[in-house]
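Examination of the molecular architecture
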Amino acid sequence: MAINRAFIFLGPPGAGKGTQAKRIAKLCGVPHLSTGDMMRDAVSRGTDLGKVVGPIMQRGELVSDELVMKMIEERLAQPDCAAGCLFDGFPRTLPQSEGLDRILESKGFGKPVVVDLSVGEEKLLRRLTGRRTCGVGGEIYNVYDAPPKVDGICDNDGGKLVQRADDTAEVVKQRLAAYDRATKPLTEYYRRQGVLHVVDASASMDEVSRALGEIVKRAEGRNGHL
Ligand code: AMP
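Residues numbered from 1 in each chain as written. Predicted model: local features only at pLDDT ≥ 70, side-chain atom pairs only at ≥ 80, totals over all residues. Heavy atoms only, no water.

**Section: the pairing of strand E5 (residues 131-134)**
Applicable threshold: By definition, two strands form a pair when at least two bridges between them are found by DSSP. Only DSSP runs of H or I reaching four residues or more are called helices, and only runs of E reaching two or more are called strands; each is numbered from the N terminus.
Taken together, the three bridges between E5 and strand E6 (residues 140-142) define a ladder with antiparallel strand orientation. Pairing of Arg131 across the sheet is with Asn142, part of E6. Bridge count for E5 against strand E7 (residues 161-162) is two bridges, and the pairing is antiparallel. Within E7, the residue paired with Cys134 across the bridge is Leu161.

Encoded structure:
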């Protein structure tokens, strides 16, 4: 469906952006664009980009605006983004937001719908350091809140559960600091434009999905089903 609109999911690492972004992108029928996923993919394929960004990501620091904008511009030029898309983990700095505004304008898109997924720091730490992902099917668990039946093994396919390289306590601290310094000010940027919605993301995944579905429905003036 032609919606000509971008959705932006802001929020600290561990707020559940990835899970929610996948669900809502499906609901809206638009591609889910996660800059973190794109870069992890480049790292695992060993591309030139991957070789540059891999060590930066390992340290929990932000990749340069120039590289990120180039990647996004290339991705947005693909035909599947013609009618809209949902950004997850982008923009993360003010120059990225300003760059995105220019791109959206040139594509004839309306103002983006921006959602800030807000969660307290203690919960974030628990979600991030407890996160484990199945190496086979990608199913996500949490050793504290949503553990598998057998320690370290995926319930679905018996795959080994692994921890993301940047989910260790030390790197998580850096990622949260980068968020506070560079990304948090974006909420004010979008609030001033009158396009910001804040959602309490400490609630359950399904409750958060419902709240997001309502926002999307209002924005599009149509029914949403999750
Ligand atoms: P994420 O999967 O969104 O948590 O991103 C993982 C890592 O990728 C971040 O800690 C950064 O190193 C890098 N990254 C992802 N998106 C961006 C972005 N928009 N700007 C700069 N760095 C990014």
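**Things to note about the sheet that holds strand E2 (residues 32-34)**
Note the cut-off: Only C-alpha atoms enter the line fits that serve as axes; for helices the fit covers just the stretch in contact. Angles between N-to-C directions range over 0 to 180 degrees. Contacts are assigned to residue pairs that have any heavy atoms within 4.5 Å of one another.
Taken in spatial order, the five strands of this open sheet run E2-E3-E1-E4-E8, and their pairing is parallel. The sheet is open, and its two edges are formed by E2 and strand E8 (196-200), each paired on a single side. Averaged over all adjacent pairs, the angle separating strand axes in this sheet is 20°, with direction ignored. In the packing of helix H8 (residues 185-192) onto the sheet, contacts are made with strand E1 (5-10), strand E4 (113-118) and E8, and the angle to E1 comes to roughly 145°.

**Comments concerning helix H2 (residues 35-45)**
Counted only if it meets this: Think of it in three bands: with a 1.4 Å probe and only protein chains considered, a residue is buried below 20% of the maximum accessible area for its type, exposed above 50%, and partly exposed in between. Summarising the geometry, the arc corresponds to the directions from the helix axis toward the C-beta atoms.
Three or more residues of H2 are buried, namely Thr35, Gly36, Met38, Met39 and Ala42. Each buried residue of H2 lies within a common arc of 165° when the element is viewed along its axis, so the set occupies one face. Along H2, the residues that are exposed and aim more than 90 degrees away from the buried face are Ser44 and Arg45. Buried residues along H2 sit against E2, helix H3 (48-58), helix H4 (65-76) and strand E3 (84-88).

**Some points on the sheet that holds E6**
Read from one edge of the open sheet, three strands run E6-E5-E7, paired in antiparallel fashion. On the outer flanks of this sheet lie E6 and E7, each paired with one strand and no other. Where helix H6 (residues 121-130) meets the sheet, its contacts fall on E5 and E6, and the angle it forms with E5 comes to roughly 30°.

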